[in-house]
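# Understanding the architecture of this molecule
Read off the chains here:
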Amino acid sequence: MRRLATVLLLGLLALAGCNKKKDAGPGTGTGSAVGSGSGSAPVAAGPKCPPGNLVEADACTPVITADKIAAIGQQQTRLDELAKLLDQAEVVAAPLELLTAMRQLDEWKVLAATGGDKLKAVDEVIVVLGDAVKQLHTLQKSLQDGAVRLGNLEGELDALMKDTGAAKQLADVRAQVTKQVHEVVDGVSKEVVATLQQVVLPLEQELEDVSDIVIGACAIAKMQGGSDTLKESCTKAKAQFTAANAFLKDFKDKPQAMITELTTQLEAQLGTLISEQEKQAIAAAQRAVNDALRLPTPNPAAGSGAGSATP
């Protein structure tokens, strides 16, 4: 019996030793409760910074401010305002529809056959007007898209101003902001250049000249006893051309002014949040708009292809 008790005691002691070893497993260095079991140390969380700060070289850097966010909102408003102004661009389409209808009238065909080169300018301005109407709609869509992107950017920066968790890396935020700014500036500036070349420069003088030609032709047709349809079209012509010219005069300086403010404010306010490469792209976009305005004004007599003339 004494020998049996001794064996049982030794067995219980051995069992207790095994259980103790199992309990001590995590502290042996052979595994980790937060790792993958390979013994690697847990990844340290990024530093917590005050709202509006980003991490650069393991230090909190104040980058985002309420003024910067407000500036983005202001530029979004500018794009929206110019897009809404283009709702009035239908006044440019009105002379196009009028001239297209007038050209189908027999009386106009007789006038065109005997009117020499002057009435040929009407055919040419119809082509220019058609391109202009399409381009104004394209510009409006680009402005609307740009405003949406700026609104998204404003929301993202505002969220960083309120975030009290681990701060994001400055390099990561810069890459994201740079991409969004590029999409806005590149998209809008290209359509502004196209609008200056296809709308403002060709139509600024040409539409006024063709208006005089059409009104003069209408006077001749009236003296020759033109139809009531032609007389009605002639009555509308003066008012429609006047409205189209007034819109163009009011509109012509606004695209360049908008781009100048947009590029200047984005670069000044966002600063370190835009890459140096993108700052160069912004400057190039501004130059492209300025260069477009320096193109020679097309000669109405030369038609819509005059924009390629050598200065």
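Use the structure listed above.
Read on for a plain summary of the structure. For every chain, the first residue of the written sequence is number 1, and numbering continues from 1 onward in sequence order. Restriction of local features to residues with pLDDT of at least 70 applies here, the model being predicted, together with a cutoff of 80 or more for giving and counting side-chain atom pairs; totals for whole chains, interfaces and linings are based on all residues. As a rule here, side-chain values come from all non-hydrogen atoms in the structure, and water together with hydrogens is ignored.

### Comments concerning the overall build of the protein chain
Helices and strands together make up the secondary structure of the protein chain, namely 9 helices and 2 strands. In this description a helix means any DSSP run of H or I spanning at least four residues, a strand means any run of E spanning at least two, and both kinds are numbered starting from the N terminus. Reading the protein chain from its N terminus to its C terminus gives the helix and strand order α-β-β-α-α-α-α-α-α-α-α. Only protein chains enter the accessibility calculation, which uses a 1.4 Å probe; a residue is then buried when its area is under 20% of its type maximum, exposed when over 50%, and partly exposed in between. Out of the 311 residues in the protein chain, the part that is buried amounts to 36%. We call two residues in contact whenever any of their non-hydrogen atoms come within 4.5 Å of each other. A separation of at least 24 residues holds for 84% of the contacts in the protein chain among residues at least 6 apart in sequence. When the accessible surface of the protein chain is split by element, carbon and sulfur atoms take 56% of a total near 17300 Å². To be clear on the numbers: accessible area is Shrake-Rupley with a 1.4 Å probe, and residue cover counts the displayed protein chains and nothing else.

### Quick notes on the packing of aromatic side chains
How two aromatic rings sit relative to each other is set out by the distance from centre to centre and by the angle between their planes. Centres within 6.5 Å make a pair out of two Phe, Tyr or Trp rings, where for Trp the six-membered ring is used; the pair is then stacked when the planes are under 30 degrees apart, edge-to-face when over 60, and tilted otherwise. Counted by the stated rule, this structure contains 1 aromatic pair. Aromatic pair F247 and F251: ring centres 5.5 Å apart, planes at 10 degrees, arrangement stacked. With F247 and F251 both in helix α7 (residues 228-251) and 4 residues apart, this pair spans about one turn of that helix.

### Observations regarding the pattern of salt bridges
Between Lys or Arg on one side and Asp or Glu on the other, a salt bridge is scored when a side-chain nitrogen of the former is within 4 Å of a carboxyl oxygen of the latter. Under the counting rule described, the total for this entry stands at 11 salt bridges. Residue R103 pairs with D123 through a salt bridge whose shortest N-O separation is 2.5 Å. Pair noted here: R103 is in the loop between α3 (90-102) and α4 (106-114) and D123 is in helix α5 (residues 117-162), with a separation of 20 residues, a long-range link. On the basis of relative accessibility, which here comes to 31%, the residue R103 falls in the partly exposed class. Since its relative accessible area comes to 34%, D123 is described here as partly exposed. With a shortest N-O distance of 2.9 Å, D145 and K141 are connected by a salt bridge.

### So, helix α9 (residues 276-293)
Under the convention used throughout, the expected extent of a helix is 1.5 Å for every residue step, that is, one less than its residue count. Taking 1.5 Å per residue as the helical rise, α9 with its 18 residues ought to reach 26 Å, and the 27 Å between its terminal C-alpha atoms agrees with that figure. Among the residues making up α9, those that are buried are E278, K279, I282, A285, Q286, V289 and A292. Looking straight down α9, one finds its buried side chains confined to an arc of 150 degrees; they lie on one side. Structural note: α9 exposes E276, Q277 and Q280 on the side pointing more than 90 degrees away from its buried face. Check the buried side of α9 and you find it contacts α6 (170-223) and α8 (254-270). Each direction from the helix axis to a C-beta atom contributes to the arc, which is the arc of those directions.

### So, the state of the cysteines
Our working definition of a disulfide is a cysteine sulfur pair at a distance within 2.5 Å. For the coordinates displayed, the defined rule picks out 2 disulfides. Note on cysteine connectivity: C49 is disulfide-linked to C60, with sulfurs 1.9 Å apart. Residues C49 and C60 are joined by a disulfide whose S-S torsion is about -80 degrees; by sign, that bridge is left-handed. Here the residue C49 occupies a position in the loop between α1 (2-23) and β1 (53-56), and C60 occupies one in strand β2 (residues 59-62), the gap between them amounting to 11 residues. The exposure class of C60 is partly exposed, given its relative accessible area of 33%. Paired through a disulfide, C218 and C234 show a sulfur-sulfur distance of 2.0 Å. Measuring the twist about the S-S bond at about -85 degrees, one finds the C218-C234 disulfide to be left-handed. Here C218 is found in helix α6, whereas its partner C234 is found in helix α7, with 16 residues between them in sequence. Each member of the pair C218 and C234 is classed as buried. Each bonded cysteine of the protein chain gets a number by its place in the sequence, and the pairs then read 1-2, 3-4.

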